[in-house]
Amino acid sequence: MHYAGYLCDGEAWQDFANERGLRLIEDAAHAAGVGRPGVYGDAAVFSFFGNKNMTTAEGGMVIARDEEVHERIRQMRGHGMTLGTMERLSAHSLDYDVTTLGYNYRMDELRAAIGLVQLRSLKRWNKKREMLTGAYRRYLREYCPEVAVPFSTPHPSAHHIMPVLLPDRTDRDLVVGCMREAGVQTSMHYPPIHRFSWYRSRFPSVSLPNTEEFCRRELTLPLHPKLEERDVEWIACALAEALRR
Ligand SMILES: *Cc1c(COP(=O)(O)O)cnc(C)c1O
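*Asks:* Sorry, what's going on with the overall build of the chain here?
*Replies:* A tally of regular secondary structure across the chain gives eight helices and five strands. Overall, the chain shows an N-to-C arrangement of helices and strands of α-β-β-β-α-α-α-β-α-α-α-β-α. Principal-axis analysis of the C-alpha atoms places the extent of the chain at approximately 70 × 45 × 30 Å. Total accessible area on the chain stands at roughly 15600 Å², and carbon and sulfur atoms take up 55% of it. Across the chain, the centroid of the 32 positively charged side chains sits 3 Å from that of the 32 negatively charged ones.

*Asks:* Would you mind showing me how to read the sheet that holds strand β2 (residues 43–47) here?
*Replies:* Through backbone hydrogen bonds, the strands of a sheet pair up, either in parallel or in antiparallel fashion. Across the sheet, three strands lie side by side as β1-β2-β3; this open sheet has mixed pairing. Every other strand in the sheet has two partners, leaving β1 (25–27) and β3 (60–64) as the edge strands with one partner each. The sheet shows a mean angle of 15 degrees between the axes of neighbouring strands, taken without regard to direction. In the sheet, β1 pairs with β2 via three bridges, with the strands oriented parallel. Bridging across to β2, Ile 25 finds its partner in Ala 43.

*Asks:* I tried to follow the packing of helix α4 (residues 109–143) against helix α8 (residues 229–244) on my own but got confused; where do I start?
*Replies:* A packed helix pair is summarised by two numbers, namely the angle formed by the two axes and the spacing between the axes. At a closest axis distance of 9 Å, the pairing of α4 and α8 adopts a crossing angle of 35 degrees. The two elements α4 and α8 cross, and the hand of that crossing is right-handed. Of the residues in α8, those touching α4 at Met 131, Leu 132, Ala 135, Tyr 136, Arg 138, Tyr 139, Leu 140 and Tyr 143 are Glu 229, Val 232, Glu 233, Ile 235, Ala 236, Cys 237, Leu 239 and Ala 240. By residue class, the composition of the contact of α4 with α8 is 13 nonpolar, no polar and three charged.

*Asks:* Explain unusual backbone geometry here, please?
*Replies:* Negative phi values dominate among residues other than glycine, just as trans dominates among peptide bonds. That bond from His 189 to Tyr 190 is cis: its omega, 0 degrees, falls within 30 degrees of zero. Locating Tyr 190 in the fold gives a position in the loop between α5 (172–181) and α6 (197–200). A positive phi angle, near 60 degrees, is found at Phe 151, a position not held by glycine. Within the secondary structure layout, Phe 151 lies in the loop between α4 and β4 (162–165). One non-glycine residue, His 159, lies in positive phi territory at about 50 degrees. Positionally, His 159 belongs in the loop between α4 and β4.

*Asks:* Explanation requested: the environment of Arg 74 in the structure shown.
*Replies:* Tracing the sequence through the fold places Arg 74 in helix α2 (residues 67–77). You can call Arg 74 partly exposed: its relative accessible area is 40%. Considering only alpha carbons, one finds Arg 74 and Ser 187, 113 residues apart in sequence, at a separation of 35 Å.

The rules behind the values
Residues numbered from 1 in each chain as written. Predicted model: local features only at pLDDT ≥ 70, side-chain atom pairs only at ≥ 80, totals over all residues. Heavy atoms only, no water. Helix = DSSP H or I, 4+ residues; strand = E, 2+ residues; numbered from the N terminus. Areas by Shrake-Rupley, 256 points an atom, 1.4 Å probe, with all protein chains shown as cover. Lys, Arg positive; Asp, Glu negative; His and termini not counted. Charge placed at Lys NZ, Arg CZ, Asp CG, Glu CD. Pairing = 2+ DSSP bridges. Axes fitted to C-alpha atoms, helices over the stretch in contact; angles between N-to-C directions. Left-handed = near helix turned anticlockwise from the far one by under 90°. Contact = heavy atoms within 4.5 Å. Nonpolar A, V, L, I, M, F, W, Y, C, P; charged D, E, K, R; others polar. Buried < 20%, exposed > 50% of the residue type's maximum accessible area, 1.4 Å probe, protein only.

Printed below as a string of structure tokens:
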């Protein structure tokens, strides 16, 4: 997963997967418009949900390098049918087969049309996000140097979200409450997967101390192209004030 939009080390993950005979699937939901997701993995999956860098309201996209994998995905998204409506039309054939378990995951034309319009702005929006992230780094260093901002070295990113790490032993719920009072919505990315009941019931003994500590201290600050630098400064001040309280 290209967390927060920062491209992860593709080669390292490729080695990890190869050594273990695993397929590598990139979760590129945060990485629309940066680098070339899908280069390292067997496939890359994008989300165009309403809160992503570009959206079709709901929906997404899968890319795959291998022609056979690609064809398999194509078939699975359309009920496992060998031919879609358009293909039957052009092949002058009424007949089709179902050769695998399938789903209805097709993107409709209306969403695709929205996506094409969104795509035109993606580069510009990502640039704005990059500028805002830079501003966050400066103002956070100035107003609350005790807050850590991950991925500090220059790192290719779509700047999807603005995660920060609060100082150890901070009561995050209190900080969230103060921020809400100040009119700033915050969130958390993410509750660790291995802590969810569904996974717990299957893998009860998994313990991931780094993940758990990161999650305990993580706070996501607002980041979207309609923010301005003065908003970022104001949010950094609000966070400093919340930490003081
Ligand atoms: C949004 C998101 C998803 C899910 O995308 P959907 O379009 O809702 O299926 C998966 N992974 C990450 C990292 C996301 O941000």
